[in-house]
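# Structural overview for review
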Amino acid sequence: MRIDVITIFPEMFAPFLELGVLGRGVAAGLLDVTVHDLRDYTDDPHRSVDDEPYGGGGGMLMTAPPWLAAVRALSRESKPRRILLSPQGRRLDGERVAELAAESHLLLLCGRYEGIDERVIDRVVDEELSIGDYVLSGGEIAAMVVIESVSREIPGVVGLPQSVERDSFRDGLLDFPHYTRPSVVEGLAVPEVLLSGHHAEIEAWRQRKALEATRRKRPDLLTERRDAPAVGKSPCAGLEEEK
Ligand code: 4HQ
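So, here is what we can say about the structure in this document.

## Things to note about the overall build of the protein
Within the protein one finds nine helices and nine strands. Across the 243 residues in the protein, those meeting the buried criterion constitute 38%. The long-range share in the protein, meaning contacts at least 24 apart out of those at least 6 apart in sequence, stands at 75%. Total accessible area on the protein stands at roughly 14,700 Å², and carbon and sulfur atoms take up 52% of it.

Okay, here's the thing in structure tokens:
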């Protein structure tokens, strides 16, 4: 997968793209991320990218011409899905992440200031995408959230395929609790079943703990599930007595 990013702060992306799971995926050529400086698409000596809003109101806006030039220049060889990070966008979730991972080329637009001239959205943006209902100072962190979550869906980026399958949300449930050595921490012992070597029992325990955690911490995930099992066949059935 190819991902291009347009920003006035390209330096923000360097350690993010070099380190950890993503760094390995990039180094292995599993995804090709290129970060572009919006100012390279200006044509004035000051390389300016902002101006005052028509109608007043204070603050500064990003002007349209550098964005139009940058997006068009980066859409020449292939037709990327062009995404503006914005609180006005549809909210990102695991389902959208998986859909974006199926694209061959993404172009992420990171705004700053009070936002971007609306005509950029009219002309060269396919969708606005939000990472949550709060306000950031720029789209860069939001773009990193998209890159990191999407990259994990690319085969080979995450070491063991089973760690992707097991993750929270994969089956619509939160993760089960995890334990490693030492076996006792401040008087708290590891649940016995995990030391038993009974793989079927361990699997059943993990499934039950995942359901319990979801019901307790994120009950909304159980009611929102598209594949929500019919009443009676619910995976939560029988949990009530345990409490
Ligand atoms: N932004 N999800 C960039 C966000 C945001 C979000 C506010 C986008 C500022 C300039 N982006 N502008 N939430 O808060 O994606």
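## Structural notes on the pattern of salt bridges
Enumeration over the complete set of coordinates arrives at 14 salt bridges. For R96, the salt bridge goes to E127, with nearest N and O atoms at 2.5 Å. With a gap of 31 residues between them, R96 in helix α4 (residues 94–101) and E127 in strand β7 (residues 127–130) connect regions that are remote in the sequence. An identical accessibility class is assigned to R96 and E127; each is buried. Shared partners join several salt bridges into a network, and the residues in it are R81, R96, E99 and E127.

## Quick look at the pairing of strand β5 (residues 81–91)
Here β5 pairs with strand β6 (residues 105–109) via four bridges, running parallel. If you follow I83 over to β6, its bridge partner there is L108. Here β5 runs beside β7; their pairing, made up of five bridges, is parallel. Counted as the bridge partner of I83 is E127 from β7.

## Things to note about the packing of α4 against helix α6 (residues 140–151)
Relative orientation of the contacting elements α4 and α6 amounts to 75°, with a least axis distance of 9 Å. The angle between the axes of α4 and α6 places the two elements in the roughly perpendicular class. Residue-level inspection shows V97, L100 and A101 of α4 in contact with α6, the latter providing V146, S149 and V150. Among the residues forming the contact of α4 with α6, the class breakdown is five nonpolar, one polar and no charged.

## Considerations on the site of the ligand
As a structural note, the neighbourhood of the ligand is formed by 16 residues, with S86, I131, G132, Y134 and L136 the closest of them. Y134 is positioned with one of its backbone polar atoms (N or O) 3.0 Å from a nitrogen atom of the ligand. One of the backbone nitrogen or oxygen atoms of L136 is found 2.8 Å away from an oxygen atom of the ligand. Counting residues per element, the ones that place at least two in the shell around the ligand are β5 and β7. It is β5 that provides the largest number of residues to the shell around the ligand, a total of three residues.

## Quick notes on the environment of L195
Along the chain, the position of L195 falls in the loop between β9 (188–189) and α8 (199–217). When its relative accessible area of 54% is taken as the criterion, L195 is described as exposed. Spatially, the C-alpha atoms of L195 and S183 are 9.4 Å apart, while their sequence positions differ by twelve residues.

## Things to note about the nonpolar core
Of all hydrophobic cores here, the largest spans 26 residues; its most connected members are I3, V5, F13, L100, L108, V146 and I147. Counting only elements with at least two residues in this core, the list comes to β1 (2–7), α1 (14–18), β5, α4, β6 and α6. Broken down by element, the residue count for this core peaks at six residues, all from α6. Setting aside residues up to four positions removed in sequence, F13 forms contacts with V5, T7, V35, C110, E140, A143, M144 and I147. With 19 residues, the next largest nonpolar core counts M62, A70, L107 and V125 among its residues.

Conventions we followed
Residues numbered from 1 in each chain as written. Predicted model: local features only at pLDDT ≥ 70, side-chain atom pairs only at ≥ 80, totals over all residues. Heavy atoms only, no water. Helix = DSSP H or I, 4+ residues; strand = E, 2+ residues; numbered from the N terminus. Buried < 20%, exposed > 50% of the residue type's maximum accessible area, 1.4 Å probe, protein only. Contact = heavy atoms within 4.5 Å. Areas by Shrake-Rupley, 256 points an atom, 1.4 Å probe, with all protein chains shown as cover. Salt bridge = Lys/Arg side-chain N within 4 Å of Asp/Glu carboxyl O. Pairing = 2+ DSSP bridges. Axes fitted to C-alpha atoms, helices over the stretch in contact; angles between N-to-C directions. Parallel < 35°, antiparallel > 145°, perpendicular 65-115°, else oblique. Nonpolar A, V, L, I, M, F, W, Y, C, P; charged D, E, K, R; others polar. Near = heavy atom within 4 Å. Polar contact = N/O pair within 3.5 Å; in protein donor to acceptor, adjacent residues only side chain to side chain. Core = buried A, V, L, I, M, F, W, Y, C linked by side-chain atoms within 4.5 Å.

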